[in-house]
Structures are given as structure tokens and as C-alpha cells.
Amino acid sequence: MTKSTIVVGLDGSEAGARALAFAQSQAKQIGDCSITVCFVIEWSPFTFQTKEENEQRHKRREQELQRAHDVVLDPAVAEAKAAGVEVEGIVRHGDVADILEAVAKKRGAVQIVVGRVGERGLKRLFGGVTGRLVAGSSVPVTIIP
Amino acid sequence: MNKLLTFAMAAFASLLPSLAAAQEAAGIDQRINQIFADYTGWYVSFIFAPLPGTNFSWIALWLVVGAVVFTVYFGAIQLKGFWHSIQLVKGDYSDPDDAGEVSHFQALATALSGTVGLGNIAGVAVAVSIGGPGATFWMVIAGLFGMATKFTECTLGVKYRNEFPDGHVSGGPMYYIVKGFSERGLPLGGFMAVLFSIFTILGALGGGNMFQANQAHAQLAGVLGDYPGWITGVVLAGVTFAVIAGGLKSIARVTEKIVPFMGIFYVLVSILILIINWDMIGWAFGQIFMGAFTGLGVVGGFTGALIQGFRRAAFSNEAGIGSAAIAHSAVRTKEPVTEGYVALLEPFIDTVVICTMTALVIVISGVLNQDPETGLYIWNAEAGRIATEGDVSGVALTSAAYARAFSWFPVLLMVAVVLFAFSTMISWSYYGLKAWTYLFGEGAAKELTFKVIFCLFIVIGAAASLGPVIDFSDAMLFSMAIVNIIALYFLMPIVKRELNSYVARLRSGEIVKHK
């Protein structure tokens, strides 16, 4: 049997933590299963920037990656490891839905687990992150309330 | 350099008392004009001197010859590489692992926001009113060739930029001149870099600042009614200072976001006017082609149209001036050539598309007075241009042309002009600052000094109608091009090597598409 992978999308919220916990229990039930914990920094290549922003961009990017590791990802990875699950942590810049889907595809994941983001108003109207993820995903998506 | 600055500061100091008593401004204008004309007139005449026996200024030829040389040397890269450029901007070749760095699109948009502006609105009106509709043809030709120049300078800008330990980057002609020349074992690199930096600082204070402030005020006063220019100047200077020195980044960001939409809206309105007058488009193109080779009554005929077209194209898209190389060098790419590809789209968007739109609308609107019998344009010898509706030129002429179709347009244009002027000033404060820190080193106090000087010049520019000062700043921009293009000739083999290697790897499949 080939090893299974579950991709977990984290956003540093409570719901994200519950998603991780759910994924851990799933992984244990499946048996030979690892978890890929993924934190996405919202970013688009098609925004308008000032020259100073461009000049400082590389530095900022490093800082953002560092912060994502320090605050969200590394604690999550440590927690999963402590629970005895094989885990890998990645940080990416981009659109959350696109990135989670791409990561899941690349790793041949069996499912994506995300926490529900409480979105209101216009964002809910236009689908929000979880909505777009569900609409475009090639693997089952579990949304943890 | 220091002398000039001291002199400029002195000139400004002498202006201050009268700013309070604004009405004296006319006398002050004259004094500044006189001082400037006395000290700098010889240099301005030298830069804009005609070739012996013609009325064709050598500097326009210099830019065009450069553009043609680069076009030939790189095998018409602007044609062969056009689609690849668009693919790069779309992000087709962007490595997902590099996500979060400055994208090609962002670099292009940032560089464009510095060039799309008054050149496309006021500059085109000036070109068409002096050189006739035919000037448009030559402007487009210059724009098409200029694409190769941009390709060359921006590739070098990225290749030889400085990366500082804290991760920020500085680049531009001064850096590639020094590093490129020493790499090729050529002398005088340091000298040329310093020369380029001095010209850049003066160009930033002039064309990138005073001219912008001046035109912004002209447009405001034209729509809102006349009022003293120093008011516009102080407000603009205050906002600019808050942005570039006070860290009020939000204003800069808002501007950077509004300006592209203003540009797009301007193009859409132009297209709409052209659609409404679709039956005249053929005629307008006819005027442009005929004017290009006969002048259709403008003084100087064929060459009159040619000179104006070339000159305004250079001003509008800044190809060869070196400023874009500073803007593009912030991109962190493994392949400097990709940035060259992206940059070659700038003259196309700026000159070939936007300038042509403006020119077509002006021609179609009929604000240029034409003799109905001969079809020739009526020359106003006193003003040195074609007689126009309401006897105006520059922004006012564009405004009048668009107002024929939409009466509300002047108000919108006023907002657009002020915003474009503002964003161009912010851009040039950055270019000037990069040249300044190249000369004096990076450091908060040194940078603040430049920013203060920059903002003082905004007030001067808005307060006065400074013909000789504007001429001088034009001369500075073109001086940048003299140094820069000489350097490009010496460094183009390096670009060629980069390009050949890149194209080879693209063909072999080593460089892969990610989308």
C-alpha cells in the first residue's frame, strides 16, 4: 500500500487548529499516512506596487516566511510530531485555494482539511476561500466548523 | 554639483519672501528665468543644437540611431520577443517557488506609472500642434524602435544591481556602467556613472518635478479659475513630502492603485470617442501618414513633423534615458533578460497605444485649424505652431479636443493630470534619490536632504512659468540619454550573451513554462 497524505490548510485561527486535530485522528485511522501542513500568505502577482515596496519586497518576503514559521507552522508541526504523526510543513505565497489544491495534487493527497473561515457580507456572496477551494478541488475537501 | 545646488537653494530662498506676497510672482519668475538663462543657456543650446545645415536636433537623432542600432543588434527583439514578453507578464514562466517576490507584472506596472502621464496627454498635444498630425507617425516609429533600447537597459539594470546585506536592492545605469565597464576592462566607468547621476538628479528636479508641478497647476487653474501657483505648489510639496519622507506610504499606495485605472479609463474614453467617430478614423490616419511625409503645412514640413514626433516620444516613454532601468532593477529574477523582455512592452503601451489614441482624438476633434480648401493646417507663426481652437496648446488642447465629445472630460482630465503628475513626481523622486545615494552613499540624513530639496523644487515649479528652467530640465533628461546610450553601446555584447544563452535554454526546454 502506498503512503497516503492529508493536506491541512492553516491560517493561525482556532478553526485551523481543529482542522489539524481532525487530520491527525484521520491519519492515525488510515495508518500509513502523513500530514502536510500548509500555511498560505495571501499574495497576488497582479497588484500595483510602489517602487519602494518593490525594492523592499525580497526582505519583506523573508520576514513573512519567518513569521509564518514562528507563529503558526512550527508549533503545528511540533504538535503533530508529538502526537506521533509523520508531518511536513510548508509556507507559500499566493491564493489560498489555488495553493492548497496545487499542493494536494503534487503530493497525491487523499484529502484536504481546512477550518471554516467565518466570512461575512460580500466575501460570502462571492464564495470566499473555502467556497472556491471546494469548487475547484480535485480531491475530497473536509471543512471543520 | 554642489555649486548648482547652492545656487538653486539661493534661488529658492530669494523666492520665499515673495511667496508670501504672491502677487509679485511675475517679477520673481523673470529673475529666475534670467539667472537660469544666463548660466545654463549655452548648455541648453548645445543639447538642442540642430545638425549643421538642417533644423534637425542631433539629440533626437542620437536617441533614434541608438534605438535602431539596438533593434538591429538584437534582431528585432521587439517583434520576435513580443509574445514571449506577454507570456512573462502573465506569469507563465514564473516559478511558483518564487511567489511573493516582485512579479514581472508588478515591475511593469510600477515602471509604467512613472512614464504614463503628462507626456501622453500634454506632450502629444505639443507634438501635434507644432509638428502636425504627421508627428504622430514618427512618434510611433520612435516608440517601436525604442522598445529595443528599453530591452537593453533594463536587462543590464537587473544584471548589475546592488544587493545590500539587509536585502533591499539599488540598481540603474550608474551601477551597470561601473560594474559592466570594469568587467569589460573599459576605462572611465566611474566618471560616467557620476556624470549620469548628476544629470539624473537635475533631471529629476526638472522634468520629473518642476515640469509636472507646473502642468498640474496649469490644468487646475484652467478648470477652477486662476489662482496663485504657489498654493498648488505648497499643497503638492506637502503631500509629496509626507509620502517620500514622512512614510505616509498609504498615499503612495493609493496613487499607485488609482493611476493605472486612470490610465485605463483614459484609453477607454479615447476608444469610445473613436468609435463614435468611426467614420473619421480612416481620414485621421490619412492625415497622420500624409503629414508624416509632407508636413501638411507645418513649418519645417517633413522634418518638422519628424523632430516633434521623435522628441516627444523620447520624453514620453523615456527609452534610452535610463530611468526605467532603475525601476526594473528591484526585480529578483534569475534571468535578467526576462526583465528586458517585460520592459520592452513599456514604449509600446506608452507611445504606440496611448499616445496614438490622444493624437487620433485631437486630429478627429478638429481643434487644429485647417484650411478647408487646401487641406493644409493654418500656421500661427507668432505662437510657432498650428492655429488651434481657443489658441491653446499642451494639456489645454487635449482637454479641448476631448471636451468636443464629452463636456465633462476637462474635470476628469484635471484629476487625471494632477494624479499623473503626482505619480511621476514620486517616481522621479525615487530615481533622483537612487542617483543621490549613489553619489553620497545610503543613509537617512543624506536621503532626507535630497527629499527636502526635491519638495522645494515642486513649489518653484508650480509657482512660476519657467521657460528656461523647463528647457534646462529637458536638456538634463537628454544628457542622461547621452551617457546612458554610450554605455549601452559598450555593454550590449553582454546583453547579447545573456540573450543567446536564455533563448538557447528556452528552446532546449531547460527553462520551463509553469502554466
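Residues numbered from 1 in each chain as written. Chains lettered and ligands numbered in written order. Predicted model: local features only at pLDDT ≥ 70, side-chain atom pairs only at ≥ 80, totals over all residues. Heavy atoms only, no water.

As recorded by an unreviewed UniProt entry, chain B carries the name Alanine/glycine:cation symporter family protein and is attributed to Sulfitobacter faviae. Regarding chain B, the relevant UniProt record gives this comment under Sequence similarities (unreviewed entry): "Belongs to the alanine or glycine:cation symporter (AGCS) (TC 2.A.25) family." (UniProt positions renumbered as here; feature names shortened; annotations may be inferred.)

In the annotation of an unreviewed UniProt entry, the entry for chain A reads Universal stress protein, and the organism field reads Sulfitobacter faviae. The Sequence similarities (unreviewed entry) comment attached to chain A in UniProt states, word for word, "Belongs to the universal stress protein A family."

### A short note on the confidence of the model for chain A
Of all residues in chain A, 91% attain a pLDDT of 70 or more, and the chain-wide mean is 84. Confidence, expressed as mean pLDDT per element, reaches its minimum in chain A at helix H4 (residues 121-125) of chain A with 52 and its maximum at strand S3 (residues 86-94) of chain A with 91. (pLDDT = per-residue confidence, 0-100. Helix = DSSP H or I, 4+ residues; strand = E, 2+ residues; numbered from the N terminus.)

### A closer look at the interface of chain B and chain A
Taken together, the contact pairs 33 residues of chain B with 20 residues of chain A. Taken together, both faces of the contact between chain B and chain A bury some 2,500 Å²; the carbon and sulfur share is 57%. For the chain B face of the interface with chain A, the top three residues by lost area are Gly100, Gln106 and Tyr430 of chain B, together amounting to 21%. Inspection of the region where chain B meets chain A yields three salt bridges. Glutamate 55 of chain A is the salt-bridge partner of lysine 434 of chain B, the closest N and O atoms lying 3.0 Å from each other. (Contact = heavy atoms within 4.5 Å. Buried area = accessible area lost by both parts, 1.4 Å probe. Salt bridge = Lys/Arg side-chain N within 4 Å of Asp/Glu carboxyl O.)

### Quick look at the layout of surface pockets
Taken as a whole, the largest pocket encloses approximately 1,200 Å³ of empty space. Taken together, 42 residues form the lining of the largest pocket, with Gly91, Ser94, Asp95, Pro96 and Asp97 of chain B sitting closest to its centre. Elements with a contribution of two residues or more to the lining of the largest pocket: S3 and helix H3 (96-107) of chain A together with helix H5 (82-90), helix H6 (104-115) and helix H21 (467-508) of chain B. Looking at the lining of the largest pocket, the element that brings in the most residues is H3 of chain A, giving six residues. (1 Å grid on protein atoms, 1.4 Å probe; cavity = no way out; pocket = protein on both sides within 12 Å on 5 of 7 lines; lining within 4 Å. Points joined across faces, edges and corners; volume = space filled by probe spheres on them.)

### Quick word on the side chain of glutamine 49 of chain A
Within the fold, glutamine 49 of chain A resides in the loop between strand S2 (33-42) and helix H2 (51-82). Using a relative accessible area of 11% as the deciding quantity, one classes glutamine 49 of chain A as buried. (Buried < 20%, exposed > 50% of the residue type's maximum accessible area, 1.4 Å probe, protein only.)

### Examining H5 of chain B
Residue and element names in this part refer to chain B. Along H5, the positions that sit buried rather than exposed are His84, Ser85, Gln87, Leu88 and Val89. Packing partners of the buried residues in H5 comprise H6, helix H16 (336-343), helix H17 (345-365) and H21. Positioned one or two residues after H5, glycine 91 has a phi angle of 95°, which is positive.

### Observations concerning the environment of isoleucine 281 of chain B
Within the fold, isoleucine 281 of chain B resides in helix H13 (residues 278-294). Judged by its relative accessible area of 23%, isoleucine 281 of chain B falls in the partly exposed class.

### Details of the environment of aspartate 350 of chain B
Residue and element names in this part refer to chain B. Assignment of secondary structure puts aspartate 350 in helix H17. Sequence spacing of aspartate 350 and asparagine 317 is 33 residues, and the spatial spacing of their C-alpha atoms is 6.0 Å. Discounting chain neighbours no more than four positions away, the residues touching aspartate 350 are Thr115, Val116, Asn120, Ser316, Asn317 and Cys355. Side-chain polar atoms of aspartate 350 contact the side chain of threonine 115, separated by 3.5 Å. Reaching out from aspartate 350, the side chain makes a polar contact with the side chain of serine 316 at a distance of 2.4 Å. (Polar contact = N/O pair within 3.5 Å; in protein donor to acceptor, adjacent residues only side chain to side chain.)

### Some words on the pairing of S2 of chain A
All names here are of chain A. The buried fraction of S2 is high, at nine of ten residues. Both strand S1 (residues 4-10) and S2 contribute to a ladder of seven bridges, which runs parallel. When the bridges of S2 are listed, threonine 5 appears paired with serine 34. In terms of strand pairing, S2 meets S3 through nine bridges, oriented parallel. Counterpart to valine 40 in the pairing with S3 is arginine 92. Viewed along the sheet, the connection from S2 through H2 into S3 turns out right-handed. (Pairing = 2+ DSSP bridges. Right-handed = clockwise from strand over helix to strand, strands pointing away.)

### Some thoughts on the pattern of salt bridges
All names here are of chain B. Summed over all chains, the structure comprises 15 salt bridges over all chains. A salt bridge links lysine 90 to aspartate 92; the nearest nitrogen and oxygen atoms lie 3.5 Å apart. Take aspartate 92: its relative accessible area is 7%, and that puts it in the buried class. Among the salt bridges present, the one from arginine 161 reaches glutamate 163, with a minimum N-O distance of 3.4 Å. Judged by its relative accessible area of 11%, arginine 161 falls in the buried class. Three or more residues are tied together by salt bridges with common partners; here these are Asp95, Asp98 and Lys334.

### What to know about the sheet that holds strand S4 (residues 111-115) of chain A
The strands making up a sheet associate through backbone hydrogen bonding, with each pair oriented either parallel or antiparallel. Residue and element names in this part refer to chain A. Strand order in the open sheet formed by five strands is S3-S2-S1-S4-S5, and the pairing between neighbours is parallel. Looking at strand neighbours, the two that pair on one side only are S3 and strand S5 (141-144), the edges of this open sheet. Pairwise comparison of adjacent strand axes, ignoring direction, gives a mean angle of 25° for this sheet. Two elements, S4 and S5, share four bridges in a ladder whose sense is parallel. The partner of valine 114 across the bridge, within S5, is isoleucine 143. The strands touched by helix H1 (residues 14-30) are S1, S2, S4 and S5; relative to S1, the strand with the most contacts, the crossing angle is about 170°. H2 contacts S1, S2 and S3 of the sheet and is inclined by roughly 155° relative to S3. (Axes fitted to C-alpha atoms, helices over the stretch in contact; angles between N-to-C directions.)

### Notes on the nonpolar core
Formed by 150 residues in total, the largest nonpolar core has its most connected members in Phe151, Ile177 and Tyr341 of chain B. At 19 residues, the largest contribution of residues to this core is made by H21 of chain B. If we ignore the near neighbours within four places in the chain, the residues touching phenylalanine 151 of chain B are Phe74, Ile77, Val337, Gly340, Tyr341, Leu344, Val495 and Leu499 of chain B. The next biggest cluster of nonpolar side chains, apart from the first, holds 23 residues, and it includes Cys33, Ile35, Ile41 and Ala80 of chain A. (Core = buried A, V, L, I, M, F, W, Y, C linked by side-chain atoms within 4.5 Å.)

### Remarks on the packing of H13 of chain B against helix H14 (residues 301-317) of chain B
All names here are of chain B. For the pair H13 and H14, the least separation of the axes is 5 Å and the interaxial angle reads 110°. Considering the angle they form, H13 stands roughly perpendicular to H14. From H13, Gly291, Ala292, Phe293 and Thr294 reach across to H14, where they touch Gly301, Phe302 and Ala305. Looking at the contact of H13 with H14 residue by residue, the class counts come to four nonpolar, three polar and no charged. (Parallel < 35°, antiparallel > 145°, perpendicular 65-115°, else oblique. Nonpolar A, V, L, I, M, F, W, Y, C, P; charged D, E, K, R; others polar.)

### Digging into the packing of aromatic side chains
Residues and elements named next belong to chain B. Applying the stated criterion across every chain yields a total of 32 aromatic pairs over all chains. Ring geometry for phenylalanine 137 against tryptophan 138: centres 4.9 Å apart, planes inclined by 90°, an arrangement best described as edge-to-face. Of the two residues, phenylalanine 137 and tryptophan 138, both sit in the buried class. Three or more aromatic residues link up through ring pairs in this structure, and these residues are Trp42, Tyr43, Phe46, Trp58 and Phe199. Between lysine 159 and the ring centre of tyrosine 160, over which it is positioned, the NZ or CZ distance is 5.5 Å. Sitting over the face of the ring of phenylalanine 48, arginine 311 holds its NZ or CZ atom 4.4 Å from the ring centroid. (Phe/Tyr/Trp six-rings, centres within 6.5 Å; stacked < 30°, edge-to-face > 60°. Lys NZ or Arg CZ within 6 Å of the ring centre and 35° of its normal.)

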